[in-house]
Amino acid sequence: MNTAKDLVDKAMGARVRRFRAICILLGATVLAVGTGEVFIDWQASEDETVASQAMYARVAEGQLAATLDLVEGKLRSTRDAVEPWAANADPARSHRWLVDAVRGQPVLRSMSVLDGNGRVLASSNPQNVNAVVALGALGGIAATAEARVGPPFAARDLRQLAEGGVQPAGDAGLPLVMTTWGQSRAPMLLVAVLDPGRLASEQRLLLGDAALRAAILSADGQLVSAGSGVPLTIGSRPSGLTALRLAGTGAGQGTYIEAGFDGAPAVGAYRRLPAWPLLVVVERPYAEVW
């Protein structure tokens, strides 16, 4: 038979169990709310980073397109002077107008005129004159007179490209090439050599710290220019880059949260230039998002 003490103990035990259950329920609720708030904050931070990378990529694309359009304009205006120069073959005069073409354009290392055999007939950089460049290194002679981006090369300028051999580490050039067709002469090439390091510097001025993980790649995957935070070599063809894979699907622009330049998770954005076979990529390590 239950005594009064037994009944009291039984009632107290039931109350303790109910209290524990309430505490556990309250703890689970607080934990769920806290976890939800953390998840919401994390998602908001991630979304904000994706949006900012997309903006940086758009700015980088606009800056690069403006630079290339400017150099193309220089090539077009210079092309108009090539025909009378070819007829008169005045080296002093040709040097002057090539120097004028690159003056005030720090992104331009040189502008040169090459004959159909790759010999430099005139150049804003006197060291280039009479160098013989393999035209394949510049993309060859095109059938049209439109300006085009040639393959990046591991040399400072046309003279070093012609000489070959081991070049100083980091030296690279990006040629912008235009074929000129004359009525009474063989086709010639106008070649503007751009400084990839200067392209990276312009991005750094524009994007600030975001430029440390910014890069420019050719449509076929060759690294043209990169910030100091990109662990890749200029002129290399890195495999497995997320931006290249996504751009290869036909998407002209996009964002991603996948492996970055160094293989670690990153938040990235890419944009393909509409008028040029180049791709700009901007990334931020995912570890910095939260």
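In what follows, the structure referred to is the one given above.
Residues numbered from 1 in each chain as written. Predicted model: local features only at pLDDT ≥ 70, side-chain atom pairs only at ≥ 80, totals over all residues. Heavy atoms only, no water.

**Here we look at the overall build of the chain**
At step 1: When helices and strands are tallied, the chain shows five helices and 10 strands.
At step 2: By the burial criterion, 43% of the 290 residues in the chain qualify as buried.
At step 3: The long-range fraction of contacts in the chain, counting pairs at least 24 apart against all pairs at least 6 apart in sequence, stands at 54%.
At step 4: When the accessible area of the chain is evaluated, it comes to approximately 14,800 Å², of which 58% is carbon and sulfur surface. (Helix = DSSP H or I, 4+ residues; strand = E, 2+ residues; numbered from the N terminus. Buried < 20%, exposed > 50% of the residue type's maximum accessible area, 1.4 Å probe, protein only. Contact = heavy atoms within 4.5 Å. Areas by Shrake-Rupley, 256 points an atom, 1.4 Å probe, with all protein chains shown as cover.)

**Quick look at the pairing of strand 10 (residues 278-285)**
At step 1: Within strand 10, six of the eight residues are buried, which leaves it mostly tucked inside the rest of the structure.
At step 2: Inspection of the sheet shows strand 6 (residues 214-218) paired to strand 10 by five bridges, in the antiparallel sense. In the strand pairing of strand 10, Ala 214 is matched with Val 282.
At step 3: The pairing of strand 9 (residues 265-272) with strand 10 spans seven bridges and is antiparallel. Opposite Tyr 270, over in strand 10, you have Val 281 as the bridge partner.
At step 4: Between strand 9 and the antiparallel strand that follows it, strand 10, lie five residues. (Pairing = 2+ DSSP bridges.)

**As for the nonpolar core**
A general feature of soluble globular proteins is that nonpolar side chains tend to end up buried together.
At step 1: By size, the foremost hydrophobic cluster in this structure holds 38 residues, and its most contacted members are Leu 64, Leu 68, Leu 75, Leu 176, Ala 192 and Leu 194.
At step 2: Put simply, the parts of the chain that give this core at least two residues each are helix 1 (4-88), helix 2 (91-102), strand 1 (108-114), strand 4 (174-180), strand 5 (188-194), helix 4 (196-207), strand 6 and strand 10.
At step 3: With residues up to four places along the chain from it excluded, the contact list for Leu 68 reads Leu 176, Leu 194, Leu 273, Trp 276 and Leu 278.
At step 4: Counting 15 residues, the second largest nonpolar core, distinct from the first, contains Ala 215, Ala 247, Phe 261 and Leu 279. (Core = buried A, V, L, I, M, F, W, Y, C linked by side-chain atoms within 4.5 Å.)

**Overview of the environment of Val 132**
At step 1: By secondary structure assignment, the location of Val 132 is in the loop between strand 2 (120-123) and strand 3 (148-149).
At step 2: Separated by 27 residues in the primary sequence, Val 132 and Arg 159 place their C-alpha atoms 7.9 Å from one another.
At step 3: Discounting residues that sit within four places of it in the chain, Val 132 has contacts with Asn 117, Gly 118, Arg 119 and Ala 162.

**Examining the side chain of Thr 242**
At step 1: Following the sequence through the fold, Thr 242 ends up in helix 5 (residues 242-247).
At step 2: The exposure class of Thr 242 is buried, given its relative accessible area of 6%.
At step 3: Among all residues touching Thr 242, those that are not within four sequence positions of it are Tyr 256, Glu 258 and Ala 259.

**Quick look at the pattern of salt bridges**
At step 1: With the rule as written, the count across this model stands at 10 salt bridges.
At step 2: Between Asp 220 and Arg 237 there is a salt bridge, with the nearest N and O atoms lying 3.2 Å from each other. Note that Asp 220 is positioned in the loop between strand 6 and strand 7 (223-226) and Arg 237 in the loop between strand 7 and helix 5, a separation of 17 residues in sequence.
At step 3: Given a relative accessible area of 54%, Asp 220 falls into the exposed group.
At step 4: Each of Glu 72, Arg 76 and Glu 146 takes part in salt bridges that share partners, so that together they form one network. (Salt bridge = Lys/Arg side-chain N within 4 Å of Asp/Glu carboxyl O.)

**Structural notes on a nonpolar patch on the surface**
At step 1: On the surface, Met 55, Val 59 and Leu 206 cluster together into a nonpolar patch covering about 230 Å² of accessible area.
At step 2: Take Val 59: it is sitting in helix 1.
At step 3: Assessed through its relative accessible area of 33%, Val 59 is described here as partly exposed. (Patch = residues over 30% accessible without salt bridge, like charges linked within 9 Å, V, L, I, M, F, W, Y side chains within 5 Å.)

**Brief notes about empty space enclosed by the protein**
At step 1: Counted under the stated rule, the structure contains one cavity of 30 Å³ or more.
At step 2: Reported here for the largest cavity is a volume of approximately 30 Å³.
At step 3: As for the largest cavity, its lining consists of Leu 241, Thr 242, Ala 243, Tyr 256, Ala 259, Gly 260, Phe 261 and Glu 283.
At step 4: Broken down by secondary-structure element, the contributors of at least two residues to the lining of the largest cavity are helix 5 and strand 8 (253-259).
At step 5: Along the lines of polarity and charge, the residues of the lining of the largest cavity split into five nonpolar, two polar and one charged. (1 Å grid on protein atoms, 1.4 Å probe; cavity = no way out; pocket = protein on both sides within 12 Å on 5 of 7 lines; lining within 4 Å. Points joined across faces, edges and corners; volume = space filled by probe spheres on them. Nonpolar A, V, L, I, M, F, W, Y, C, P; charged D, E, K, R; others polar.)

**Observations regarding helix 4**
At step 1: Here helix 4 contains 12 residues, and its C-alpha end-to-end distance of 16 Å stays within 8% of the 16 Å for a straight helix at 1.5 Å per residue.
At step 2: Among the residues of helix 4, those classed as buried are Pro 196, Leu 199, Ala 200, Gln 203 and Leu 207. Seen from one end, helix 4 has its buried residues packed into an arc of 100°, which puts them on one side.
At step 3: Two or three places before Gly 197, at the opening of helix 4, Asp 195 has a side-chain oxygen 2.9 Å from that residue's backbone nitrogen. (Expected span 1.5 Å × (residues − 1). Arc of directions from axis to C-beta. Polar contact = N/O pair within 3.5 Å; in protein donor to acceptor, adjacent residues only side chain to side chain.)

Just distances and angles here, no functional claims.
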